[in-house]
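The lines below spell out each chain.
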Amino acid sequence: MPLPFELQVGWRYVRAGRGGRRNRFISFISGASMVGIALGVMALIVVLSVMNGFQKEVRDRMLNVIAHVELLDAAGQALPDWQATAALARHNPEVIGAAPFVASQGLFARSDEYHGAIIRGISPAEEATVTGLGAQLKDGAFGKLVPGAWNIVLGAELARQLGVGEGDKITLAAGGQMTPAGMVPRYKAFNVVGTFSAGHYEYDSGLAMIHIDDAAKLFRTGGPTGVQLKLRDVHEARRVATDLQDLMGPQIRVRDWTRANAVWFDAVQIEKRMMSIVLTLIVAVAAFNLLSTLIMTVTDKQSDIAILRTLGASPRSIMGIFIVQGAVSGVIGTLAGVVIGLLIAFNIDVIVPAIEHLLNTSFLPGSVYLISQMPSDPQWADIAPIVVVSLLLSLVFTLYPSWRASRVQPAEALRYE
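Residues numbered from 1 in each chain as written. Predicted model: local features only at pLDDT ≥ 70, side-chain atom pairs only at ≥ 80, totals over all residues. Heavy atoms only, no water.

Let us look at helix H8 (residues 212-219). H8 sits mainly inside the fold: six of its eight residues count as buried. Looking at H8, one finds that the buried residues are Ile212, Asp214, Ala215, Ala216, Leu218 and Phe219. Positive phi appears at Arg220, one or two residues downstream of H8, with a value of about 55°. (Buried < 20%, exposed > 50% of the residue type's maximum accessible area, 1.4 Å probe, protein only. Helix = DSSP H or I, 4+ residues; strand = E, 2+ residues; numbered from the N terminus.)

Here's what the structure looks like:
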(Lines give C-alpha, C1' and ligand atoms only; values in the text may rest on other atoms or scores of the structure.)
Protein backbone atom coordinates (compact mmCIF):
# COMPACT_ATOMS: atom_id res chain seq x y z
CA MET A 1 0.00 0.00 0.00
CA PRO A 2 1.67 3.25 -1.14
CA LEU A 3 2.47 5.91 1.43
CA PRO A 4 0.53 9.20 1.32
CA PHE A 5 2.31 11.67 -0.93
CA GLU A 6 2.64 14.12 2.00
CA LEU A 7 4.94 11.64 3.73
CA GLN A 8 6.90 10.94 0.56
CA VAL A 9 7.46 14.62 -0.28
CA GLY A 10 8.18 15.56 3.34
CA TRP A 11 10.78 12.78 3.63
CA ARG A 12 12.30 13.90 0.29
CA TYR A 13 12.70 17.43 1.65
CA VAL A 14 14.41 16.06 4.77
CA ARG A 15 16.97 14.30 2.58
CA ALA A 16 17.34 17.23 0.15
CA GLY A 17 20.89 18.40 -0.19
CA ARG A 18 22.19 17.63 -3.66
CA GLY A 19 20.14 20.09 -5.67
CA GLY A 20 22.44 23.06 -5.43
CA ARG A 21 24.37 25.21 -3.01
CA ARG A 22 21.22 26.64 -1.39
CA ASN A 23 19.71 23.20 -0.83
CA ARG A 24 22.95 22.00 0.70
CA PHE A 25 22.91 24.96 3.07
CA ILE A 26 19.32 24.24 4.10
CA SER A 27 20.20 20.59 4.58
CA PHE A 28 23.15 21.62 6.76
CA ILE A 29 20.91 23.74 8.99
CA SER A 30 18.41 20.88 9.21
CA GLY A 31 21.19 18.48 10.23
CA ALA A 32 22.49 20.98 12.78
CA SER A 33 19.05 21.22 14.37
CA MET A 34 18.87 17.41 14.60
CA VAL A 35 22.31 17.31 16.24
CA GLY A 36 21.28 20.06 18.63
CA ILE A 37 18.17 18.17 19.70
CA ALA A 38 20.18 14.98 20.09
CA LEU A 39 22.80 16.73 22.24
CA GLY A 40 20.14 18.34 24.40
CA VAL A 41 18.29 15.08 24.99
CA MET A 42 21.58 13.26 25.62
CA ALA A 43 22.66 15.89 28.17
CA LEU A 44 19.33 15.67 29.99
CA ILE A 45 19.49 11.89 30.23
CA VAL A 46 23.13 11.77 31.36
CA VAL A 47 22.82 14.56 33.94
CA LEU A 48 19.59 13.25 35.47
CA SER A 49 21.00 9.71 35.52
CA VAL A 50 24.11 10.89 37.37
CA MET A 51 21.98 12.86 39.84
CA ASN A 52 19.82 9.78 40.40
CA GLY A 53 22.99 7.76 40.94
CA PHE A 54 24.30 10.18 43.57
CA GLN A 55 20.90 10.27 45.27
CA LYS A 56 20.71 6.46 45.34
CA GLU A 57 24.29 6.16 46.62
CA VAL A 58 23.73 8.64 49.46
CA ARG A 59 20.35 7.12 50.30
CA ASP A 60 21.79 3.62 50.50
CA ARG A 61 24.62 4.78 52.77
CA MET A 62 22.16 6.67 54.91
CA LEU A 63 19.86 3.66 55.24
CA ASN A 64 22.88 1.56 56.18
CA VAL A 65 22.87 3.46 59.49
CA ILE A 66 19.28 4.50 60.17
CA ALA A 67 16.07 2.47 60.13
CA HIS A 68 13.31 2.83 57.56
CA VAL A 69 10.71 3.80 60.18
CA GLU A 70 10.95 4.90 63.82
CA LEU A 71 8.24 4.63 66.48
CA LEU A 72 8.63 7.20 69.28
CA ASP A 73 6.62 8.09 72.35
CA ALA A 74 4.58 11.20 71.54
CA ALA A 75 5.46 12.75 74.91
CA GLY A 76 9.18 12.13 74.47
CA GLN A 77 9.32 9.56 77.26
CA ALA A 78 10.39 5.92 77.32
CA LEU A 79 8.05 3.44 75.68
CA PRO A 80 6.17 1.51 78.40
CA ASP A 81 6.42 -1.81 76.50
CA TRP A 82 8.54 -1.76 73.38
CA GLN A 83 7.94 -5.47 72.66
CA ALA A 84 4.18 -4.89 72.48
CA THR A 85 4.71 -1.86 70.23
CA ALA A 86 6.98 -3.87 67.93
CA ALA A 87 4.52 -6.77 67.85
CA LEU A 88 1.71 -4.41 66.87
CA ALA A 89 3.88 -2.93 64.10
CA ARG A 90 4.61 -6.40 62.74
CA HIS A 91 0.91 -6.75 61.88
CA ASN A 92 1.81 -4.71 58.80
CA PRO A 93 3.17 -7.20 56.23
CA GLU A 94 5.83 -4.72 55.07
CA VAL A 95 7.58 -4.75 58.48
CA ILE A 96 10.28 -7.44 58.61
CA GLY A 97 12.48 -6.30 61.52
CA ALA A 98 12.24 -4.36 64.79
CA ALA A 99 14.77 -3.20 67.37
CA PRO A 100 14.64 -0.91 70.44
CA PHE A 101 16.88 2.13 70.84
CA VAL A 102 17.64 5.11 73.04
CA ALA A 103 18.71 8.32 71.32
CA SER A 104 20.04 11.49 72.89
CA GLN A 105 22.79 14.07 72.54
CA GLY A 106 26.11 14.25 74.35
CA LEU A 107 29.41 16.08 74.43
CA PHE A 108 32.71 14.21 74.18
CA ALA A 109 35.72 15.58 76.05
CA ARG A 110 39.27 14.54 75.19
CA SER A 111 42.09 16.70 76.51
CA ASP A 112 41.05 20.17 75.36
CA GLU A 113 38.90 18.86 72.47
CA TYR A 114 35.10 18.87 72.69
CA HIS A 115 32.76 17.43 70.10
CA GLY A 116 29.00 17.08 70.16
CA ALA A 117 27.42 13.88 68.84
CA ILE A 118 24.26 11.83 68.75
CA ILE A 119 24.44 8.95 71.22
CA ARG A 120 22.40 5.93 70.24
CA GLY A 121 21.82 3.09 72.62
CA ILE A 122 21.30 -0.18 70.76
CA SER A 123 20.79 -3.85 71.39
CA PRO A 124 23.43 -5.46 69.11
CA ALA A 125 21.37 -8.59 68.43
CA GLU A 126 18.19 -6.70 67.42
CA GLU A 127 20.12 -3.95 65.66
CA ALA A 128 21.39 -6.50 63.15
CA THR A 129 17.79 -7.08 61.99
CA VAL A 130 17.06 -3.44 61.10
CA THR A 131 20.25 -1.77 59.78
CA GLY A 132 22.98 -2.90 57.43
CA LEU A 133 25.65 -1.50 59.73
CA GLY A 134 24.29 -3.58 62.61
CA ALA A 135 24.43 -6.72 60.48
CA GLN A 136 28.02 -5.97 59.38
CA LEU A 137 29.34 -5.24 62.90
CA LYS A 138 27.22 -7.72 64.88
CA ASP A 139 30.19 -9.99 65.55
CA GLY A 140 32.74 -7.17 65.46
CA ALA A 141 32.68 -3.83 67.24
CA PHE A 142 28.98 -4.02 68.13
CA GLY A 143 29.52 -7.45 69.66
CA LYS A 144 31.72 -5.78 72.30
CA LEU A 145 28.83 -3.62 73.51
CA VAL A 146 27.78 -5.47 76.65
CA PRO A 147 25.63 -4.04 79.44
CA GLY A 148 27.54 -2.56 82.36
CA ALA A 149 30.91 -2.55 80.60
CA TRP A 150 30.46 1.08 79.43
CA ASN A 151 31.95 0.41 76.03
CA ILE A 152 31.40 2.70 73.05
CA VAL A 153 31.76 2.51 69.26
CA LEU A 154 32.51 5.80 67.49
CA GLY A 155 32.12 6.95 63.92
CA ALA A 156 35.48 6.82 62.16
CA GLU A 157 35.62 10.56 61.49
CA LEU A 158 34.50 11.39 65.04
CA ALA A 159 37.27 9.14 66.43
CA ARG A 160 39.80 10.85 64.17
CA GLN A 161 38.70 14.31 65.32
CA LEU A 162 38.97 13.23 68.96
CA GLY A 163 42.28 11.50 68.36
CA VAL A 164 41.21 8.20 69.91
CA GLY A 165 41.29 4.59 68.81
CA GLU A 166 40.39 1.15 70.05
CA GLY A 167 41.51 0.69 73.67
CA ASP A 168 41.43 4.40 74.57
CA LYS A 169 39.14 5.99 77.13
CA ILE A 170 36.90 8.96 76.47
CA THR A 171 34.63 11.07 78.67
CA LEU A 172 31.02 11.78 77.75
CA ALA A 173 29.02 14.64 79.23
CA ALA A 174 25.33 13.80 79.03
CA GLY A 175 22.28 15.57 80.36
CA GLY A 176 22.53 17.23 83.73
CA GLN A 177 21.47 17.04 87.32
CA MET A 178 20.27 19.77 89.63
CA THR A 179 22.59 20.62 92.55
CA PRO A 180 22.71 23.52 94.99
CA ALA A 181 25.22 25.10 92.62
CA GLY A 182 22.83 24.77 89.68
CA MET A 183 22.62 22.39 86.76
CA VAL A 184 25.71 20.20 86.53
CA PRO A 185 26.29 17.82 83.60
CA ARG A 186 26.79 14.13 84.28
CA TYR A 187 30.14 12.73 83.18
CA LYS A 188 30.86 9.12 82.33
CA ALA A 189 34.06 7.49 81.10
CA PHE A 190 33.73 5.03 78.22
CA ASN A 191 36.09 2.48 76.70
CA VAL A 192 36.47 2.84 72.92
CA VAL A 193 36.08 -0.70 71.58
CA GLY A 194 35.88 0.07 67.88
CA THR A 195 34.85 2.42 65.10
CA PHE A 196 32.48 2.20 62.16
CA SER A 197 32.50 3.81 58.73
CA ALA A 198 29.11 4.20 57.09
CA GLY A 199 30.47 6.20 54.15
CA HIS A 200 28.22 9.13 55.11
CA TYR A 201 30.03 12.07 56.71
CA GLU A 202 27.09 13.16 58.86
CA TYR A 203 27.03 9.84 60.69
CA ASP A 204 30.74 9.07 60.61
CA SER A 205 31.46 12.42 62.31
CA GLY A 206 28.50 12.76 64.63
CA LEU A 207 27.24 9.36 65.82
CA ALA A 208 28.32 7.03 68.62
CA MET A 209 26.84 3.69 69.71
CA ILE A 210 26.58 2.27 73.23
CA HIS A 211 24.58 -0.57 74.72
CA ILE A 212 20.92 0.25 75.24
CA ASP A 213 21.03 -0.62 78.97
CA ASP A 214 23.97 1.73 79.51
CA ALA A 215 22.16 4.46 77.56
CA ALA A 216 19.00 4.04 79.64
CA LYS A 217 21.03 4.43 82.85
CA LEU A 218 23.11 7.32 81.55
CA PHE A 219 20.18 9.35 80.25
CA ARG A 220 17.80 8.08 82.95
CA THR A 221 15.08 7.11 80.52
CA GLY A 222 14.14 3.91 82.30
CA GLY A 223 14.04 1.97 79.04
CA PRO A 224 13.99 2.31 75.22
CA THR A 225 12.70 5.61 73.86
CA GLY A 226 11.77 4.19 70.49
CA VAL A 227 11.57 1.22 68.14
CA GLN A 228 13.29 1.00 64.77
CA LEU A 229 11.60 -0.88 61.94
CA LYS A 230 12.95 -2.40 58.76
CA LEU A 231 10.60 -2.63 55.77
CA ARG A 232 10.44 -5.06 52.90
CA ASP A 233 10.43 -2.18 50.39
CA VAL A 234 12.23 1.03 51.38
CA HIS A 235 10.19 3.05 48.87
CA GLU A 236 6.98 2.20 50.74
CA ALA A 237 8.21 3.89 53.94
CA ARG A 238 5.89 6.91 53.76
CA ARG A 239 2.79 4.85 53.07
CA VAL A 240 3.64 2.30 55.77
CA ALA A 241 4.33 5.12 58.24
CA THR A 242 0.87 6.56 57.57
CA ASP A 243 -0.75 3.15 58.08
CA LEU A 244 1.20 2.57 61.30
CA GLN A 245 0.23 6.00 62.64
CA ASP A 246 -3.43 5.10 62.20
CA LEU A 247 -2.78 1.74 63.87
CA MET A 248 -0.74 3.04 66.83
CA GLY A 249 -2.87 6.02 67.74
CA PRO A 250 -1.85 9.48 68.98
CA GLN A 251 0.32 8.20 71.85
CA ILE A 252 2.96 6.99 69.35
CA ARG A 253 4.74 9.26 66.87
CA VAL A 254 5.72 7.53 63.62
CA ARG A 255 8.58 8.97 61.55
CA ASP A 256 9.87 7.46 58.32
CA TRP A 257 13.31 8.03 56.83
CA THR A 258 12.05 10.41 54.11
CA ARG A 259 10.60 12.80 56.68
CA ALA A 260 13.60 12.48 59.00
CA ASN A 261 15.82 13.67 56.12
CA ALA A 262 13.25 15.86 54.36
CA VAL A 263 15.54 18.87 53.91
CA TRP A 264 18.18 16.89 52.02
CA PHE A 265 15.71 15.10 49.76
CA ASP A 266 13.77 18.30 49.04
CA ALA A 267 17.04 20.02 48.09
CA VAL A 268 17.91 17.18 45.70
CA GLN A 269 14.46 17.29 44.08
CA ILE A 270 14.66 21.07 43.61
CA GLU A 271 18.12 20.75 42.09
CA LYS A 272 16.93 18.04 39.70
CA ARG A 273 13.95 20.18 38.72
CA MET A 274 16.10 23.24 38.04
CA MET A 275 18.64 21.22 36.05
CA SER A 276 15.81 19.76 33.98
CA ILE A 277 14.50 23.24 33.18
CA VAL A 278 17.93 24.57 32.24
CA LEU A 279 18.79 21.61 30.03
CA THR A 280 15.33 21.59 28.43
CA LEU A 281 16.15 25.10 27.18
CA ILE A 282 18.97 23.51 25.18
CA VAL A 283 16.43 21.26 23.47
CA ALA A 284 14.15 24.28 22.93
CA VAL A 285 16.97 26.25 21.26
CA ALA A 286 17.74 23.29 19.00
CA ALA A 287 14.05 22.86 18.19
CA PHE A 288 13.88 26.58 17.40
CA ASN A 289 16.41 25.91 14.64
CA LEU A 290 13.73 23.75 13.03
CA LEU A 291 11.64 26.90 12.69
CA SER A 292 14.44 28.64 10.78
CA THR A 293 15.04 25.57 8.63
CA LEU A 294 11.40 25.21 7.66
CA ILE A 295 10.96 28.93 6.93
CA MET A 296 13.95 28.79 4.59
CA THR A 297 12.62 25.59 3.02
CA VAL A 298 9.18 27.15 2.46
CA THR A 299 10.80 30.18 0.83
CA ASP A 300 12.99 27.98 -1.37
CA LYS A 301 10.20 25.58 -2.33
CA GLN A 302 7.49 28.09 -3.26
CA SER A 303 7.52 26.99 -6.90
CA ASP A 304 7.18 23.34 -5.80
CA ILE A 305 4.29 24.32 -3.56
CA ALA A 306 2.61 26.20 -6.41
CA ILE A 307 2.96 23.22 -8.78
CA LEU A 308 1.50 20.87 -6.16
CA ARG A 309 -1.40 23.25 -5.63
CA THR A 310 -2.13 23.43 -9.37
CA LEU A 311 -2.07 19.62 -9.46
CA GLY A 312 -4.83 19.54 -6.85
CA ALA A 313 -3.04 19.43 -3.51
CA SER A 314 -5.08 21.05 -0.76
CA PRO A 315 -3.66 23.59 1.73
CA ARG A 316 -3.95 20.87 4.40
CA SER A 317 -1.76 18.54 2.33
CA ILE A 318 0.86 21.28 1.84
CA MET A 319 0.85 21.91 5.58
CA GLY A 320 1.21 18.18 6.20
CA ILE A 321 4.32 17.99 3.99
CA PHE A 322 6.24 20.49 6.09
CA ILE A 323 4.92 19.11 9.37
CA VAL A 324 6.33 15.74 8.28
CA GLN A 325 9.68 17.35 7.47
CA GLY A 326 9.93 19.04 10.87
CA ALA A 327 8.54 16.07 12.81
CA VAL A 328 10.96 13.63 11.17
CA SER A 329 13.89 15.87 12.12
CA GLY A 330 12.60 16.04 15.69
CA VAL A 331 12.06 12.27 15.91
CA ILE A 332 15.50 11.45 14.49
CA GLY A 333 17.22 13.94 16.82
CA THR A 334 15.28 12.73 19.86
CA LEU A 335 15.88 9.04 19.21
CA ALA A 336 19.57 9.65 18.54
CA GLY A 337 19.83 11.59 21.80
CA VAL A 338 18.09 8.84 23.76
CA VAL A 339 20.33 6.11 22.33
CA ILE A 340 23.56 8.05 22.89
CA GLY A 341 22.44 9.26 26.33
CA LEU A 342 21.58 5.73 27.51
CA LEU A 343 24.86 4.36 26.15
CA ILE A 344 26.78 6.97 28.15
CA ALA A 345 24.60 6.59 31.27
CA PHE A 346 24.96 2.80 31.37
CA ASN A 347 28.71 2.92 30.70
CA ILE A 348 29.68 6.01 32.70
CA ASP A 349 31.73 3.86 35.07
CA VAL A 350 33.98 3.06 32.08
CA ILE A 351 33.85 6.40 30.25
CA VAL A 352 34.71 8.67 33.20
CA PRO A 353 37.83 6.69 34.30
CA ALA A 354 39.01 6.70 30.67
CA ILE A 355 38.64 10.49 30.49
CA GLU A 356 40.37 10.86 33.87
CA HIS A 357 43.26 8.71 32.63
CA LEU A 358 43.46 10.70 29.40
CA LEU A 359 43.50 14.07 31.20
CA ASN A 360 45.57 12.78 34.13
CA THR A 361 43.08 14.14 36.66
CA SER A 362 40.41 12.96 39.08
CA PHE A 363 36.89 14.40 38.98
CA LEU A 364 35.94 12.94 42.39
CA PRO A 365 39.07 12.57 44.53
CA GLY A 366 38.49 10.17 47.41
CA SER A 367 40.21 12.52 49.86
CA VAL A 368 37.56 15.18 49.23
CA TYR A 369 34.34 13.35 48.29
CA LEU A 370 32.64 10.42 49.93
CA ILE A 371 31.95 8.91 46.51
CA SER A 372 35.06 8.47 44.35
CA GLN A 373 33.31 6.95 41.32
CA MET A 374 30.67 8.61 39.17
CA PRO A 375 27.38 6.77 39.82
CA SER A 376 24.56 6.56 37.31
CA ASP A 377 20.98 5.36 37.62
CA PRO A 378 18.88 5.92 34.44
CA GLN A 379 15.17 5.85 35.23
CA TRP A 380 12.36 5.66 32.69
CA ALA A 381 10.35 8.05 34.86
CA ASP A 382 12.88 10.73 33.84
CA ILE A 383 13.53 9.57 30.27
CA ALA A 384 9.87 9.38 29.18
CA PRO A 385 9.10 13.08 29.94
CA ILE A 386 12.33 14.09 28.17
CA VAL A 387 11.24 12.26 25.01
CA VAL A 388 7.71 13.67 25.16
CA VAL A 389 8.87 17.26 25.70
CA SER A 390 11.43 17.04 22.89
CA LEU A 391 8.89 15.67 20.42
CA LEU A 392 6.27 18.24 21.44
CA LEU A 393 8.72 21.12 21.04
CA SER A 394 9.74 19.82 17.63
CA LEU A 395 6.11 19.58 16.56
CA VAL A 396 5.11 22.99 17.90
CA PHE A 397 7.94 24.75 16.05
CA THR A 398 6.83 23.20 12.74
CA LEU A 399 3.28 24.55 12.89
CA TYR A 400 3.88 28.17 11.88
CA PRO A 401 6.14 27.51 8.84
CA SER A 402 3.79 24.74 7.71
CA TRP A 403 0.83 27.09 7.99
CA ARG A 404 2.70 29.75 5.98
CA ALA A 405 3.42 27.15 3.30
CA SER A 406 -0.29 26.30 3.07
CA ARG A 407 -1.09 29.99 2.42
CA VAL A 408 1.19 30.29 -0.64
CA GLN A 409 -0.80 31.37 -3.71
CA PRO A 410 0.23 29.52 -6.92
CA ALA A 411 -0.12 32.60 -9.16
CA GLU A 412 2.07 34.74 -6.92
CA ALA A 413 4.68 31.99 -6.50
CA LEU A 414 4.97 31.33 -10.27
CA ARG A 415 4.85 34.94 -11.45
CA TYR A 416 8.62 35.32 -11.74
CA GLU A 417 9.49 31.67 -12.52
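What follows continues from the structure just given.
Counted by the stated rule, this structure contains two aromatic pairs. An angle of 75° between the planes, with centres 5.6 Å apart, marks the rings of Trp150 and Phe190 as edge-to-face. Note that Trp150 is positioned in the loop between helix H5 (132-136) and strand E4 (151-155) and Phe190 in strand E6 (residues 182-196), a separation of 40 residues in sequence. Across this residue pair, the class does not change: Trp150 and Phe190 are buried. The cationic tip of Lys188 hangs over the ring face of Trp150; the distance from NZ or CZ to the ring centre is 4.5 Å. (Phe/Tyr/Trp six-rings, centres within 6.5 Å; stacked < 30°, edge-to-face > 60°. Lys NZ or Arg CZ within 6 Å of the ring centre and 35° of its normal.)

On to the pattern of salt bridges. For the structure shown, the criterion picks out ten salt bridges. The salt bridge involving Glu157 is made with Arg160; its shortest N-O contact spans 2.5 Å. Taken together, the residues Glu157 and Arg160, both in helix H6 (residues 156-162) and three residues apart, mark about one turn of the helix. With relative accessibility at 18%, the residue Glu157 sits in the buried group. Between Arg239 and Glu236 there is a salt bridge; the shortest N-O distance is 2.6 Å. Judged by its relative accessible area of 42%, Arg239 is partly exposed. Within this structure, Lys56, Arg59 and Asp60 form a network of salt bridges that share partners. (Salt bridge = Lys/Arg side-chain N within 4 Å of Asp/Glu carboxyl O.)

Our next topic: the pairing of strand E9 (residues 252-256). Taking every second residue as pointing to the same face, the buried face of E9 carries Ile252, Val254 and Asp256, while none of Arg253 and Arg255 on the other face is buried. Pairing of strand E1 (residues 69-73) with E9 involves five bridges; the strand directions are antiparallel. Paired with Leu71 across the strands is Val254, a residue of E9. (Pairing = 2+ DSSP bridges.)

Turning our eyes to something else, we now look at the pairing of strand E3 (residues 113-122). Relative to E3, strand E2 (residues 95-110) runs antiparallel, the two being bridged by ten bridges. When the bridges of E3 are listed, Val102 appears paired with Gly121. Hairpin connection of E2 to E3: two residues between the antiparallel strands, including Ser111 at a positive phi of 55°.

Moving on: the nonpolar core. Membership of the largest hydrophobic core comes to 39 residues, with the highest contact counts inside it found for Leu71, Phe142, Val153, Met209, Val227, Leu229 and Leu244. Ranked by residues supplied to this core, first place goes to helix H9 (residues 237-248) with five residues. Discounting chain neighbours no more than four positions away, the residues touching Leu244 are Val69, Leu71, Ala89, Asn92, Leu229 and Val254. (Core = buried A, V, L, I, M, F, W, Y, C linked by side-chain atoms within 4.5 Å. Contact = heavy atoms within 4.5 Å.)

The next thing to look at is the packing of helix H13 (residues 315-346) against helix H14 (residues 348-359). Geometrically, a packed helix pair is captured by the angle between its two axes and the distance between the axes. Running from amino to carboxyl end, H13 crosses H14 at an angle of 75°, the nearest separation of the two axes being 5 Å. One finds that H13 runs roughly perpendicular with respect to H14. For the pair H13 and H14, contact is made by Ile344, Ala345 and Phe346 and by Ile348, Asp349 and Ile351, respectively. Across the contact of H13 with H14, the residue classes tally to five nonpolar, no polar and one charged. (Axes fitted to C-alpha atoms, helices over the stretch in contact; angles between N-to-C directions. Parallel < 35°, antiparallel > 145°, perpendicular 65-115°, else oblique. Nonpolar A, V, L, I, M, F, W, Y, C, P; charged D, E, K, R; others polar.)

What follows concerns the environment of Val50. For Val50, the position within the fold is in helix H2 (residues 21-63). Once you skip the residues sitting within four places of it in the chain, Val50 turns out to touch Ile348, Met374, Pro375 and Ser376.

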